[in-house]
Amino acid sequence: MFSCFLDDITKKGLNVHAIEVFKDEQVIFRHAFDEDRRYPVYSATKSFTSAVFSIATDEGKISADCPLCEFMEKRYLKQMSDEIKRMPLSAFLSMTAGSYPFRPQGSNWLEYIFSLHMDAARDFHYSNIPAYLVSVACENAVGMPLFQYMREKLLLPLGIKSNIYRTSPEGYFYGATGMELTVHELSLLGQLYLQKGSFQGQQLISSERIEDSVSIKVKTDDVGYGYFFYITRDGFSINGKWGQRCLVYPEKSLMITYVSELPNRADEMLALAQQLANKL
C-alpha cells in the first residue's frame, strides 16, 4: 500500500520532502524523499498560535469572548473603530473579523492595521492579519514573548526543539507564518489534538479547548473553519501553503502529515493523501 503511494508521488513528479503516517497511537510509516530536516510550514504556524491561545485561555489569561482591544496597547486604541473595539477575539480566530488585506505592511504593522477602514462583513475571509492580532493579544495577555511562552508550554513538552520563527517590526511573534518544522514535529501538533490535548501523560490543553478549536465556526467552500484549523467532512487539518498538511481523522485514530514544495500542485498531493486515508 505505502509503496504504491510513494510510486504515485514519484510518477507524478510531486516535490514532496517527507511523509509520516500515524495510526492507533504510533507512527506506522515515515519516508523522506529529501533530507529529513526542518522546512517552512507557512500558515501551519496559525494552528500553533491557536494552540498557545488555548493554553493561555486554560490559564485564565485570555478568552475568545474578550474584545481584542482589551489586549492592545493604549496608544492604539484611538486608531481603532468602535466596531473593532467591540469585536471579540473569536472573530479573529475564525477569520470572520472583516476583509483584511492578505498581510500587514510597513514599519509598524499595528498602526497599519488599525488605520484600515474595514467593512462590517462577518463572512469568512482568509488573511494573515487576524492571526497576527491574536498573537499580539496573546503575547500581551501572558506578559512575555509569545514564542518563549509557546516553547515552554507547548513545543518542548511535545519534543519540538525548533527555534525558527518570525516576528513583526514591533517585535511580536507573527503568529501567521514563519515557523520551520520537520514532518514529525508538524505531526506532533496534530497528535496532541487527536489525543484531546493529552501528550505522554500530560494534559497540555484541556479537552474543552481542543473541541472548541476544531469545531466549525464558519462555513467555507470546503467544509468549515474553526480557530485556525480547517474542518473537513471526516476530521480536521493543519494547513500551510504549497502543500504542508497534517490531516487528522479522529474516528480512524489516523493522521497523514507531509511537507512539500508544490506552488501549483498541492491539490494533487492532497488527493493522493486522501486516497491513502480511505484505505487505512
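Residues numbered from 1 in each chain as written. Predicted model: local features only at pLDDT ≥ 70, side-chain atom pairs only at ≥ 80, totals over all residues. Heavy atoms only, no water.

Student: Hey, could you run me through empty space enclosed by the protein in this one?
Tutor: Rolled over the atoms, a probe as big as a water molecule pinpoints where empty space is left. Scanning all chains against the criterion turns up one cavity of 30 Å³ or more. Volume-wise, the largest cavity comes out at about 40 Å³. Lining the largest cavity are Ser 43, Lys 46, Ser 47, Tyr 126, Tyr 225, Phe 228, Tyr 230 and Asn 239. For the lining of the largest cavity, the class distribution of residues is four nonpolar, three polar and one charged. (1 Å grid on protein atoms, 1.4 Å probe; cavity = no way out; pocket = protein on both sides within 12 Å on 5 of 7 lines; lining within 4 Å. Points joined across faces, edges and corners; volume = space filled by probe spheres on them. Nonpolar A, V, L, I, M, F, W, Y, C, P; charged D, E, K, R; others polar.)

Student: What exactly am I supposed to notice about the pairing of strand S1 (residues 16–23) here?
Tutor: Regular strands place side chains that alternate from one sheet face to the opposite one. Among the eight residues in S1, eight count as buried, and that is most of the element. For S1 and strand S2 (residues 26–32), the ladder comprises six bridges, and the chain directions are antiparallel. From the neighbouring strand, Lys 23 faces S2, where its bridge partner is Gln 26. From the end of S1 to the start of S2, which pair antiparallel, there are two residues, and Asp 24 there has a positive phi angle of about 50°. (Buried < 20%, exposed > 50% of the residue type's maximum accessible area, 1.4 Å probe, protein only. Helix = DSSP H or I, 4+ residues; strand = E, 2+ residues; numbered from the N terminus. Pairing = 2+ DSSP bridges.)

Student: Quick question: what am I supposed to make of the pattern of salt bridges here?
Tutor: In a structure, side chains of opposite charge can pair up when their charged atoms sit close to one another. For the structure on display, the rule yields nine salt bridges. Of the charged contacts in the structure, one is a salt bridge between Arg 30 and Glu 20, with a shortest N-O distance of 2.7 Å. With Arg 30 in strand S2 and Glu 20 in strand S1, the pair connects residues that are 10 residues apart, well separated along the chain. The exposure class assigned to Arg 30 is partly exposed, which follows from its relative accessible area of 42%. Residue Glu 59 pairs with Lys 61 through a salt bridge whose shortest N-O separation is 3.2 Å. Residues participating in the shared-partner salt-bridge network are Glu 59, Lys 61 and Lys 153. (Salt bridge = Lys/Arg side-chain N within 4 Å of Asp/Glu carboxyl O.)

Student: Please explain the nonpolar core as it appears in this structure.
Tutor: Soluble, globular proteins show a tendency: their nonpolar side chains are buried together. Ranked by size, the top nonpolar core spans 83 residues in total, and within it Phe 48, Phe 114, Leu 154 and Tyr 193 carry the most contacts. It is helix H7 (residues 128–142) that provides the largest number of residues to this core, a total of 10 residues. When neighbours within four sequence positions are excluded, Leu 154 is seen to be in contact with Phe 48, Ala 51, Ile 55, Tyr 149, Leu 189 and Leu 192. Ranked by size, the runner-up nonpolar core spans 22 residues in total, among them Phe 2, Val 21, Phe 29 and Leu 247. (Core = buried A, V, L, I, M, F, W, Y, C linked by side-chain atoms within 4.5 Å. Contact = heavy atoms within 4.5 Å.)

Student: How do you make sense of the packing of aromatic side chains when you look at a structure like this?
Tutor: Each aromatic ring pair is specified by the distance between its two centres and by the angle formed by the two planes. Here the structure, examined in full by the defined rule, presents 15 aromatic pairs. Pairing Tyr 42 with Trp 242 gives two aromatic rings, centres 5.5 Å apart and planes at 70°, and the pair type is edge-to-face. With a gap of 200 residues between them, Tyr 42 in the loop between strand S3 (39–40) and helix H2 (45–58) and Trp 242 in the loop between strand S10 (235–240) and strand S11 (244–249) connect regions that are remote in the sequence. The buried category is assigned to Tyr 42, whose relative accessible area is 16%. By relative accessible area, Trp 242 is classed as partly exposed at 30%. Geometrically, the ring pair formed by Tyr 132 and Tyr 174 is edge-to-face, given 6.1 Å between the ring centres and 80° between the ring planes. In this pair, Tyr 132 sits in helix H7 while Tyr 174 sits in the loop between helix H8 (146–158) and strand S4 (180–181), placing the two residues 42 residues apart along the sequence. Judged on exposure class, the residue Tyr 132 and its partner Tyr 174 are both buried. The ring of Trp 242 has Lys 241 lying over it, and the distance from NZ or CZ to the ring centre is 4.2 Å. (Phe/Tyr/Trp six-rings, centres within 6.5 Å; stacked < 30°, edge-to-face > 60°. Lys NZ or Arg CZ within 6 Å of the ring centre and 35° of its normal.)

Student: Is there a simple way to think about the sheet that holds S1 in this case?
Tutor: Paired through backbone hydrogen bonds, the strands of a sheet run either parallel or antiparallel to each other. Spatially, S2-S1-S12-S11-S10-S9-S8-S7 is the arrangement adopted by the eight strands of the open sheet, whose pairing is antiparallel. At either margin of the open sheet sits one strand with a lone partner, and together these are S2 and strand S7 (218–219). Relative to strand S12 (residues 254–260), S1 runs antiparallel, the two sharing seven bridges. Among the inter-strand pairings, Val 16 is bridged to a residue of S12, identified as Ser 260.

Student: Sorry if this is basic, but what is going on with unusual backbone geometry here?
Tutor: Negative phi values dominate among residues other than glycine, just as trans dominates among peptide bonds. At Asp 24, a residue that is not glycine, the phi angle is positive and equals roughly 50°. If you trace the backbone, Asp 24 turns up in the loop between S1 and S2. Take Asp 24: its relative accessible area is 48%, and that puts it in the partly exposed class. Look at Phe 228: it is not a glycine, yet its phi comes out positive at around 65°. Inspection of the secondary structure assignment puts Phe 228 in the loop between strand S8 (224–225) and strand S9 (230–232).

Student: Got a minute to help me understand the layout of surface pockets in this structure?
Tutor: Computed from the structure, the largest pocket encloses a volume of approximately 580 Å³. Surrounding the largest pocket, 23 residues form its lining, Asp 222, Val 223, Thr 232, Leu 270 and Gln 274 being those nearest its centre. When residues of the lining of the largest pocket are traced back to their parent elements, those giving at least two are S9, S10, S11 and helix H11 (266–279). Across the lining of the largest pocket, the residue classes tally to 11 nonpolar, seven polar and five charged.

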